[in-house]
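Topology and contacts: notes
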Amino acid sequence: MPPGAFPGRRRDDGYRQTKGGTAVPIVTEQSDRGQPDPGWVVGVDTHTDTHAAAIVDHLGRIHGEIQVPADLAGNQRLTAWASDLVPAEVPVCWSVEGTRSHGHGLVRHLLAAGHIVVEAPKPVSGTRRRGGKSDALDAVHAVRAALSHAQLATPRADGPREALRMLLVTRRHHTDTRTATVNLFKSLILTATSLRETLRGLPTAAQVRTVLAIHASPDTDLEDSIRLQQLNLLARQITDLDNILAANYKQLRALASQICGALLVQPGVGPCAAATLLTAWSHRGRVRSEAAFASLAGVSPLITGSGRHHRHRLNRGGDRALNAALHTIVITRRRMNHPATSDYITRRTGEGRTPGDILRCLKRYSARQLFRIMQSCAMPFGTGFGTGRISCAHCRQGDAATSAAGEADWDWMHRYRCATNPTSRASSPAF
């Protein structure tokens, strides 16, 4: 057993020490907090036009199957059918595939009616197709996958969280479109002659402005005329996309500030990173612990040792967009010489850690810190943003970032940033 480790004690590297001295990831701890007693489970395989459902008891016996249209009448028929088959004293849980796509309408209907809904776990690879493939079989697979999982995920929230998700996915689309447009714009410049010499060495924004100001003369030959025409079209598209992305950025900042303004005042956390964090976290209670959030982000270390050797490797699973957001936050803190981050890098480098190991640890610590901030400060969905203010001049002084974001919740600012508050987390290491 490593020095200082005790049976059952949590370690700072994201692991739990067992009685035998073996380090096990915290995320594998089984807890029944928030996990419903499934009783009977209704599995639903969702599609664009129809939903297939099957009812299975806790022993795996199938009690009924049905296929309904994917509309409001079909949802009502499905819930009535399940109510008729399930005994009154038996709890029922709905395991739905595609809760954020084809099953979104059904999930909303079930939650509004007070049913327990979980996301159908992904079946083990290689076992799903062995018994054939049909909608009814997929519904049964959704049930049995839910019965075999100790931790079931609840669907992500609607409202502000869904608004953030839509802003993020459209921003990603517009960013990719702008990149492709700029690449095509520069490829047309590359084959020009005199125009290429005029635009050589200029940044992209200056090249776009220059092309928009050029007009073809009547004596221009056909090739140059067509090239200039297409360059003008591409330049206008780039300008329009720049305006769209700027407006999207303002919306992300305003909405992220409204949901959890404490994230935006953290070093290295911008509107896009904050929106990604909030979208993955969704709402209070969905992620059971900070270790589970680290596993969701793919920053929890995975054990790879055997026998007398105990090693850990980088986790390459999880939500890669969330992982990229944490990576951006850590890299930004390192570049801005954030004191806690710089001190940690210096200390771990002196201990012989590689830059990759240090980066992995920083991402793990950042996931812990940011998860706790969201758990403590995020706006409960369905309520307004807190505007209660406290009479602390230290919190109000020089807070340009919060005043620019609009309404300020001075209470969380006092609790998390004010040095005069004895319970402030400003004194804690913030990686």
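Residues numbered from 1 in each chain as written. Predicted model: local features only at pLDDT ≥ 70, side-chain atom pairs only at ≥ 80, totals over all residues. Heavy atoms only, no water.

Moving on, we get to the overall build of the protein. Counting its regular elements, the protein contains 15 helices and nine strands. For the protein, buried positions account for 41% of its 431 residues. Pairs at least 24 residues apart make up 59% of the contacts formed inside the protein by residues separated by at least 6 positions. With the model as given, the accessible surface of the protein reaches about 22600 Å², and the carbon-plus-sulfur share is 54%. (Helix = DSSP H or I, 4+ residues; strand = E, 2+ residues; numbered from the N terminus. Buried < 20%, exposed > 50% of the residue type's maximum accessible area, 1.4 Å probe, protein only. Contact = heavy atoms within 4.5 Å. Areas by Shrake-Rupley, 256 points an atom, 1.4 Å probe, with all protein chains shown as cover.)

Here we come to the environment of L111. Take L111: it is sitting in helix 2 (residues 104-112). The class of L111 is partly exposed, set by a relative accessible area of 47%. Residues L111 and P155, 44 residues apart in the sequence, show an inter-C-alpha distance of 9.8 Å.

Moving on to the packing of helix 9 (residues 290-297) against helix 12 (residues 355-377). A pair of packed helices can be characterised by two numbers: the angle between their axes and the separation between those axes. The interhelical angle for the contact between helix 9 and helix 12, taken along N-to-C directions, is 120°, at an axis separation of 9 Å. In this view, helix 9 runs oblique relative to helix 12, as classed from their interaxial angle. Between helix 9 and helix 12 the crossing geometry is right-handed. Every residue of helix 12 that contacts helix 9 at E290, A291, F293 and A294 is listed here: R364, A367, R368, F371 and M374. A class-by-class count of the residues in the contact of helix 9 with helix 12 yields six nonpolar, no polar and three charged. (Axes fitted to C-alpha atoms, helices over the stretch in contact; angles between N-to-C directions. Parallel < 35°, antiparallel > 145°, perpendicular 65-115°, else oblique. Left-handed = near helix turned anticlockwise from the far one by under 90°. Nonpolar A, V, L, I, M, F, W, Y, C, P; charged D, E, K, R; others polar.)

Further remarks concern the pairing of strand 5 (residues 62-69). Bridge count between strand 4 (residues 50-56) and strand 5: seven bridges; the pairing is antiparallel. Looking at strand 5, one finds that A52 is bridged to Q67. If you look at the hairpin formed by strand 4 and strand 5, you'll find five residues sitting between the two strands, and G60 has a positive phi there, around 90°. (Pairing = 2+ DSSP bridges.)

A complete count under the given rule lists 15 salt bridges for this structure. Among the salt bridges present, the one from R368 reaches E290, with a minimum N-O distance of 3.5 Å. Of the two residues, R368 sits in helix 12 while E290 sits in helix 9, which places them 78 residues apart along the sequence. Just as R368 is buried, E290 falls in that class too. Via salt bridges that share partners, R100, R108, D158, R161, E162 and R165 belong to a single interconnected network. (Salt bridge = Lys/Arg side-chain N within 4 Å of Asp/Glu carboxyl O.)

A separate point is the pairing of strand 7 (residues 116-119). Taken together, the four bridges between strand 6 (residues 92-96) and strand 7 define a ladder with parallel strand orientation. Bridged to C93 within strand 7 is I116. Read from strand 6 through helix 2 to strand 7, the crossover connection turns out right-handed. (Right-handed = clockwise from strand over helix to strand, strands pointing away.)

What follows concerns the environment of K363. In this fold, K363 is placed in helix 12. For the pair K363 and T328, spaced 35 residues apart in the sequence, the C-alpha separation amounts to 9.5 Å. With residues up to four places along the chain from it excluded, the contact list for K363 reads V299, N323, L326, H327 and V330.

A few words now on the sheet that holds strand 3 (residues 40-46). Spatial strand order, 5-4-3-6-7: five strands in an open sheet with mixed pairing. The sheet is open, and its two edges are formed by strand 5 and strand 7, each paired on a single side. Between one strand and the next, the sheet's axes are offset by a mean angle of 20°, whatever the strand orientation. In the sheet, strand 3 pairs with strand 4 via six bridges, with the strands oriented antiparallel.

Within the largest apolar cluster, 37 residues are counted, with the highest numbers of intra-cluster contacts made by C260, L263, L277, L278, F293 and L370. Of all the secondary structure elements, the ones that give two or more residues to this core are helix 4 (160-190), helix 7 (222-264), helix 8 (271-281), helix 9, helix 10 (320-335) and helix 12. When residues in this core are grouped by element, the largest group, eight residues, is from helix 7. With sequence-adjacent residues up to four places away left out, C260 is seen in contact with L278, I373, M374, C377 and A378. The next biggest cluster of nonpolar side chains, apart from the first, holds 17 residues, and it includes V42, V68, W81 and A82. (Core = buried A, V, L, I, M, F, W, Y, C linked by side-chain atoms within 4.5 Å.)

On to helix 12, then. Over its 23 residues, helix 12 runs 32 Å from end to end, which matches the ideal 33 Å to within 8%, given 1.5 Å per residue. When you tally the buried positions in helix 12, you get 17 out of 23 residues, the bulk of the element. (Expected span 1.5 Å × (residues − 1).)

Glancing now at the confidence of the model for the protein. For the protein, the mean per-residue pLDDT works out to 79, and 77% of the residues sit at or above 70. Note that residues 1-36 has pLDDT below 50 and, in this model, 69 contacts with residues that lie over four places away or in other chains. Note on residues 382-431: pLDDT under 50 across the span, and 80 contacts to partners over four residues away in sequence or across chains. (pLDDT = per-residue confidence, 0-100.)

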